[in-house]
Amino acid sequence: MPLTLKLTVVAVALLLGACRSDPIHYHTLSPAQPTGQSRAGVDIQIEQVSVPPQVDRTQMVIRQGNTGLAILETEWWGASLSDELHSSLDEQLSNPGAPKSSLRVDVQRFDSIPGRYARMDVQWRLRNLGGDARPLTCRSSLQTPAGASIDELVTAHQQNVRQFVDLVEQAAARKACP
């Protein structure tokens with residue numbers, strides 16, 4: 001093989017190797033083991049979910065230091081964060097055939113700090129669709145320790161969502177904020 005052909009083959013191989021990108025990993029807020037129907041005796045329909053615009057994207061966003069944010073280009077949610085949260089809540093609070101309530105969720109803070117914690121501050125409104133009671137407006141702050149890996153961070157967020165579901169179910173049963 002002539003020298004120029006060898007150099008061309010080596011150059012092409014190096015260029016193709018440089019174009020390689022890391023695989024994208026997808027994550028979800030829905031638990032691997034569904035909890036089954038809502039235990040509140042109410043079918044809680046998700047009316048609306050909003051999250052801060054800084055984190056409402058498909059790529060995961062983590063805090064760096066006191067003031068920084070990093071968008072992780074290879075760690076993605078299965079959908080936008082607001083859609084992920086909506087789906088997870090819908091799966092865990094659905095109880096077809098039971099009396100209906102609606103839930104509006106406004107996540108005011110959604111922090112992801114690998115090696116430290118996952119945090120979610122939520123203001124929420126639960127309304128009985130029978131119309132016989134005033135809506136409940138509640139506020140919850142949830143924080144779970146997280147390991148250094150992204151999988152451990154996602155698991156901590158899943159635990160926060162599960163704790164939030166428990167609080168909503170308590171409010172539906174007691175007709176008062178927990």
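Residues numbered from 1 in each chain as written. Predicted model: local features only at pLDDT ≥ 70, side-chain atom pairs only at ≥ 80, totals over all residues. Heavy atoms only, no water.

J.: Let's hear about the pairing of strand 7 (residues 136-145): which residues, and what values?
T.: Of the two faces of strand 7, only one is covered, namely that formed by Leu136, Cys138, Ser140, Leu142 and Thr144; the face formed by Thr137, Arg139, Ser141, Gln143 and Pro145 stays uncovered. Examined bridge by bridge, strand 6 (residues 117-128) and strand 7 share 10 bridges and lie antiparallel to one another. Across the sheet, the residue bridging to Met120 is Leu142, located in strand 7. (Buried < 20%, exposed > 50% of the residue type's maximum accessible area, 1.4 Å probe, protein only. Helix = DSSP H or I, 4+ residues; strand = E, 2+ residues; numbered from the N terminus. Pairing = 2+ DSSP bridges.)

J.: An account of the packing of helix 2 (residues 81-93) against helix 3 (residues 150-174) is requested, with residue identities and associated values reported.
T.: Running from amino to carboxyl end, helix 2 crosses helix 3 at an angle of 50°, the nearest separation of the two axes being 10 Å. As far as their axial angle goes, helix 3 and helix 2 are oblique. In terms of crossing hand, the pair formed by helix 2 and helix 3 is right-handed. Together, Leu85, Ser88, Leu89, Gln92 and Leu93 of helix 2 and Val161, Arg162, Phe164, Val165, Val168 and Glu169 of helix 3 make up the contact between the two elements. Of the residues in the contact of helix 2 with helix 3, the class split is 7 nonpolar, 2 polar and 2 charged. (Axes fitted to C-alpha atoms, helices over the stretch in contact; angles between N-to-C directions. Parallel < 35°, antiparallel > 145°, perpendicular 65-115°, else oblique. Left-handed = near helix turned anticlockwise from the far one by under 90°. Contact = heavy atoms within 4.5 Å. Nonpolar A, V, L, I, M, F, W, Y, C, P; charged D, E, K, R; others polar.)

J.: I'd like a rundown of helix 2, residues and numbers included.
T.: Each full turn of the α-helix corresponds to 3.6 residues, which orients residues three or four apart in the same direction. An ideal rise of 1.5 Å per residue puts 18 Å on 13 residues; helix 2 measures up with 18 Å between its terminal C-alpha atoms. Of all the positions in helix 2, only Leu81, Ser82, Glu84, Leu85, Ser88, Leu89, Gln92 and Leu93 are classed as buried. Each buried residue of helix 2 lies within a common arc of 160° when the element is viewed along its axis, so the set occupies one face. (Expected span 1.5 Å × (residues − 1). Arc of directions from axis to C-beta.)

J.: Tell me what's going on with helix 3, and back it up with residues and numbers.
T.: Its 25 residues give helix 3 an end-to-end C-alpha distance of 36 Å, which sits within 8% of 36 Å, the value for a rise of 1.5 Å per residue. In the segment just after helix 3, Lys175 is the residue with positive phi, at about 60°.

J.: Tell me about the sheet that holds strand 2 (residues 43-50), and please be specific about residues and values.
T.: Ordered by their spatial adjacency, 4 strands build an open sheet running 2-5-6-7, and the pairing between neighbours is mixed. In this open sheet, the two strands that pair with only one neighbour each are strand 2 and strand 7. Within this sheet the neighbouring strands show an average axis-to-axis angle of 25°, counted without direction.

J.: Go over unusual backbone geometry with me, naming the residues and quoting the values.
T.: In this structure, Lys175 takes a positive phi of about 60° despite not being glycine. Under the relative-accessibility criterion, Lys175 is labelled exposed at 54%.

J.: Give a detailed account of the packing of aromatic side chains, specifying residues and quantitative values.
T.: Considering all chains together, one arrives at 3 aromatic pairs under this definition. Between the aromatic rings of Trp77 and Phe110, the centroid separation amounts to 6.4 Å while the plane-to-plane angle is 75°, which identifies the pairing as edge-to-face. Of this pair, Trp77 sits in strand 4 (residues 68-77) while Phe110 sits in strand 5 (residues 100-113), and the two are 33 residues apart along the sequence. Here the two residues Trp77 and Phe110 agree in accessibility, since each one is buried. Considering the side-chain rings of Trp124 and Phe164, the 5.5 Å spacing of their centres and the 90° angle between planes classify their relative orientation as edge-to-face. Of this pair, Trp124 sits in strand 6 while Phe164 sits in helix 3, placing them 40 residues apart in sequence. Each member of the pair, Trp124 together with Phe164, is buried. (Phe/Tyr/Trp six-rings, centres within 6.5 Å; stacked < 30°, edge-to-face > 60°.)

J.: How would you explain the state of the cysteines if you had to name every residue and give the values?
T.: A complete count under the given rule lists 1 disulfide for this structure. Put simply, Cys138 and Cys177 are joined by a disulfide, and their sulfur atoms are 1.9 Å apart. Its torsion about the S-S bond being -85°, the disulfide of Cys138 and Cys177 is classed as left-handed. Placement of Cys138 in strand 7 and of Cys177 in the segment after helix 3 is noted, with a sequence separation of 39 residues between them. You can call Cys138 buried: its relative accessible area is 4%. What makes Cys177 partly exposed here is its relative accessible area of 37%. (Disulfide = S-S within 2.5 Å.)

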